[in-house]
Amino acid sequence: MNGTVIAGTNNLFTVECADDVIRNCTIKGKVIKTDKEFYNPIAPGDIVEVEPDPINDDKGQITSLDERKNTFLRWNVKGRCPQLLASNLDYLILVTTPDEPPFRPRFTDRALAQAEHQGITPIIVCNKWDLAEKMQNTDRQKEFEEIEKRLSIWEDLGYKVLRISAKTGEGMIQFAELLEDHLCAFVGQSGVGKSSLINVMDNSCVLKTGSLSKKYGRGNHTTTKGTLIHLTLNESLMEGVQGRKANIIDTPGIR
Ligand code: GDP
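**Quick notes on the nonpolar core**
So, point 1. The biggest cluster of nonpolar side chains holds 28 residues, and the ones touching the most others in it are Phe72, Leu89, Leu92, Leu151 and Trp154.
So, point 2. For this core, the secondary-structure elements that each account for two or more residues are strand S7 (81-87), strand S8 (91-96), helix H1 (105-118), strand S9 (121-126), helix H2 (129-135), helix H3 (141-156) and strand S11 (183-187).
So, point 3. Looking at which element gives the most residues to this core, the answer is H3, with four residues.
So, point 4. Excluding anything up to four places from it in sequence, Leu151 contacts Phe103, Cys126, Trp129, Val161 and Arg163.
So, point 5. Core analysis: the second largest hydrophobic core is formed by 26 residues, Ile164, Ala176, Ile229 and Leu231 among them.

**Focus: the packing of aromatic side chains**
So, point 1. Applying the stated criterion to the full structure yields three aromatic pairs.
So, point 2. Relative to Phe186, the ring of Phe175 has its centre 6.1 Å away and its plane inclined at 65 degrees; by these criteria the two rings are edge-to-face. Of this pair, Phe175 sits in helix H4 (residues 172-179) while Phe186 sits in strand S11; the two residues are 11 residues apart in sequence, bridging distant segments of the chain. By the burial criterion, Phe175 is buried, and Phe186 matches it.
So, point 3. Geometry around Trp129 places Arg163 over its ring, the cationic atom sitting 5.7 Å from the centre.

About the cut-offs
Residues numbered from 1 in each chain as written. Predicted model: local features only at pLDDT ≥ 70, side-chain atom pairs only at ≥ 80, totals over all residues. Heavy atoms only, no water. Core = buried A, V, L, I, M, F, W, Y, C linked by side-chain atoms within 4.5 Å. Buried < 20%, exposed > 50% of the residue type's maximum accessible area, 1.4 Å probe, protein only. Helix = DSSP H or I, 4+ residues; strand = E, 2+ residues; numbered from the N terminus. Contact = heavy atoms within 4.5 Å. Phe/Tyr/Trp six-rings, centres within 6.5 Å; stacked < 30°, edge-to-face > 60°. Lys NZ or Arg CZ within 6 Å of the ring centre and 35° of its normal.

Here you go:
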């Protein structure tokens, strides 16, 4: 039976199987063959074949790994090899802000390079756009124009750029529609509003504001593992329709 990996440590993986049962799985045999040497063999988002345990139905063994559409990696310093953070992403959501924290285009440029290199479609989200609007027609007008200029350069290169606000809701409908039925990971400096954006999209979501930023903090970068989370999109963003879904992988991201 096939299944999607939703979380995992080095040798125990949580797999959501095709029969809707979530099973804790080990890997059958020693290694799953991949073409590269990764720090971890399997990541959230991977599609695997599972042999359910005949006695404990909540257990199983992973017997094979389906070919990946793409992999989101980062260099694992300790292991001196690439570490898989997520597989099969439809989009990498690069979250940035005009202010608080200050606009850092180089972070986004690096993440764009990584997304292109790994074959994942990036979407640039400039959150806290309410703060950009406050800059207009003040002594920060020039700063605002610089930000707009850089966002337009990315747009001219063909990237989708959203100017949105988790606080006021501006642009959130368009963002939720983009994410619907897709699998994404969010990257961005701490404090740019990643958890806030997710909470606006799904107000029953377990992520607390600031929780991602804590995880993204320096220090525990190498230990945090990703988890695939199903979001139920807030009906107010979906023309009143309930039960629309989006999937995200809460990864430790990239620096
Ligand atoms: P994360 O570290 O990227 O997950 O960021 P958080 O979601 O924890 O947000 C950091 C801070 O920014 C919190 O105090 C949020 O209330 C605030 N914030 C998030 N989105 C917005 C926004 O659109 N506008 C404004 N003004 N503040 C926001």
